Amino acid sequence: MLNVAIVGASGYTGLELIRILYRHPEVAVTCLTSEQSAGKRISEIFPTLRGRCDLVLENLEPVRVAEKADVIFTALPHKAAMEVVPTFLKLGKQVIDLSADYRLSDPQTYGAWYEPHLNPANLKKAVYGLPEIRRSKIKGAKLVANPGCYPTSIILGLAPLLKQGLINPHSIIADSASGVTGAGRAAKVDSLFCEVNEGYKAYGVGGVHRHTPEIEQELSLLAGEKLMVTFTPHLLPMDRGILSTIYAAPSKETTTEALIKLYDKFYSGEPFVRVLPQGSLPSTSFVRGSNFCDISPLIDSRTGRIIIVSAIDNLGKGASGQAVQNMNIVCGLPETMGLEGLALFP
Ligand SMILES: NC(=O)C1=CN([C@@H]2O[C@H](COP(=O)(O)OP(=O)(O)OC[C@H]3O[C@@H](n4cnc5c(N)ncnc54)[C@H](OP(=O)(O)O)[C@@H]3O)[C@@H](O)[C@H]2O)C=CC1
Ligand SMILES: CC(=O)N[C@@H](CCC(=O)OP(=O)(O)O)C(=O)O
């Protein structure tokens, strides 16, 4: 049995981790932390947990947290994560970090898009935790940098094409739309009901969203050359889910049938990627509450462009589901343990 701590348990990804881990047969959740609600029961913050998980939230004291856990999920805002992760690692704990702090391998790039990195030494230890492209490295990792939600949907959507050199890597455009839980649970005007309800808007337009360097880092590795993407995030008036529509120019003529065949082969054996049959398209509603990424590649027969549509739950494959998948890999457990059936029984 693994003793697991969730640091930042009173946030949305924290709640989703609790929801998943309480069904996990090899996990005991032993410690939950919160900044503002320490001393309260988690079930006071999230009444859905009443009678299922009534642990008292603790202050984030890294040494005390580490005493109670073998594996620690850090579900904190960026910067707050890298303030505590070094202590967890020093104490020999396995860390799955859901924040952006260890995703960019180059501290200068992190500094340019976020702020100066506080812990560049541990960047070398971190493995980017997208199992479908990095499984063997994740196996031995002490620190897993769980990918961002938008990057997960875009990288999985493009990996087969870039690996096979089937698109011009400099032609990629990705439009992604997210539910509002993607912005976290902390109160902000932009997340208020009246600000988001019945509206649909783009934000971070013009290459300024902080997921851009993360997407470019991983796609460049897949392509074997440095590339840039045009990435535009959008906010959807719904609570959870991400749909990405991605466009690229093919490097040679192809068909929708051939693309589906390629994706089927690339993702064969992958438990959480579903390549949809021709004529079907992904929807956030089909992956809601699950760890699935649904993908449809196709050809726009008029322009010849390739279009890939992918859907995930931002709190599932985009965060906590993927984090548990990574924990399973790191700890030598069956990769799907605790994650199967989530969509059917949310
Ligand atoms: N939401 C999503 O869809 C995704 C989120 N992520 C990333 O995962 C991380 C967590 O996200 P999310 O759950 O949405 O965020 P929330 O804002 O919902 O929750 C953040 C949690 O961290 C705690 N916290 C905040 N600041 C501090 C601090 N300085 N010290 C200690 N604890 C602190 C909060 O406590 P309190 O409640 O008391 O304020 C809360 O428990 C973030 O880095 C986010 O970017 C990654 C992929 C998707
Ligand atoms: C809808 C929304 O606001 N989404 C967030 C990204 C989601 C996320 O949590 O990103 P990180 O894991 O990299 O922090 C945003 O655009 O900043």
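Quick caveat, the model's predicted, so the values are computed rather than measured. (Residues numbered from 1 in each chain as written. Chains lettered and ligands numbered in written order. Predicted model: local features only at pLDDT ≥ 70, side-chain atom pairs only at ≥ 80, totals over all residues. Heavy atoms only, no water.)

S.K.: How should the overall build of the chain be read in this particular structure?
M.R.: Each helix and strand in the chain was counted, giving 13 helices and 13 strands. Structurally, the chain occupies a C-alpha span of about 60 × 45 × 40 Å along its principal axes. Going through the 346 residues of the chain one by one, you find that 55% of them count as buried. Nonlocal contacts in the chain, meaning residues at least 24 apart in sequence, comprise 69% of its contacts between residues at least 6 apart. Summing over all exposed atoms, the chain offers an accessible surface of approximately 15,000 Å²; the carbon and sulfur share of this is 53%. Charge-centre separation for the chain: the mean point of 34 positive side chains lies 3 Å from the mean point of 33 negative side chains. (Helix = DSSP H or I, 4+ residues; strand = E, 2+ residues; numbered from the N terminus. Buried < 20%, exposed > 50% of the residue type's maximum accessible area, 1.4 Å probe, protein only. Contact = heavy atoms within 4.5 Å. Areas by Shrake-Rupley, 256 points an atom, 1.4 Å probe, with all protein chains shown as cover. Lys, Arg positive; Asp, Glu negative; His and termini not counted. Charge placed at Lys NZ, Arg CZ, Asp CG, Glu CD.)

S.K.: Would you explain the site of ligand 1 in this entry?
M.R.: Every one of the 29 residues lining ligand 1 counts as a neighbour, but Ser-10, Ser-34, Gln-36, Leu-76 and Arg-185 are closest to it. Within the backbone of Tyr-12, one N or O atom sits 3.0 Å away from an oxygen atom of ligand 1. Between ligand 1 and Ser-34, the relevant distance is 2.7 Å, taken from an oxygen atom to a side-chain nitrogen or oxygen of the residue. Coverage of ligand 1 by the protein amounts to 84% of the 900 Å² it exposes when considered alone. Here ligand 1 occupies the largest pocket. (Near = heavy atom within 4 Å. Polar contact = N/O pair within 3.5 Å; in protein donor to acceptor, adjacent residues only side chain to side chain. 1 Å grid on protein atoms, 1.4 Å probe; cavity = no way out; pocket = protein on both sides within 12 Å on 5 of 7 lines; lining within 4 Å. Sits in = over half its atoms within 2 Å of the grid points.)

S.K.: I'm lost on the sheet that holds strand S5 (residues 126-128) in this one. Help?
M.R.: The strands making up a sheet associate through backbone hydrogen bonding, with each pair oriented either parallel or antiparallel. On the basis of which strands lie adjacent, the open sheet formed by six strands has the order S2-S1-S3-S4-S6-S5 and parallel pairing. Pairing within the sheet leaves two strands with one partner each, and these edge strands are strand S2 (27-33) and S5. In this sheet, adjacent strand axes meet at a mean angle of 20° when their direction is disregarded. Pairing of strand S4 (residues 94-97) with strand S6 (residues 143-145), which is carried by three bridges, proceeds in the parallel orientation. Within the sheet, the bridge partner assigned to Val-95 lies in S6 and is Leu-143. Contacting strand S1 (2-7), S2 and strand S3 (71-74), helix H1 (residues 12-21) crosses the sheet at an angle of about 160° to S1. (Pairing = 2+ DSSP bridges. Axes fitted to C-alpha atoms, helices over the stretch in contact; angles between N-to-C directions.)

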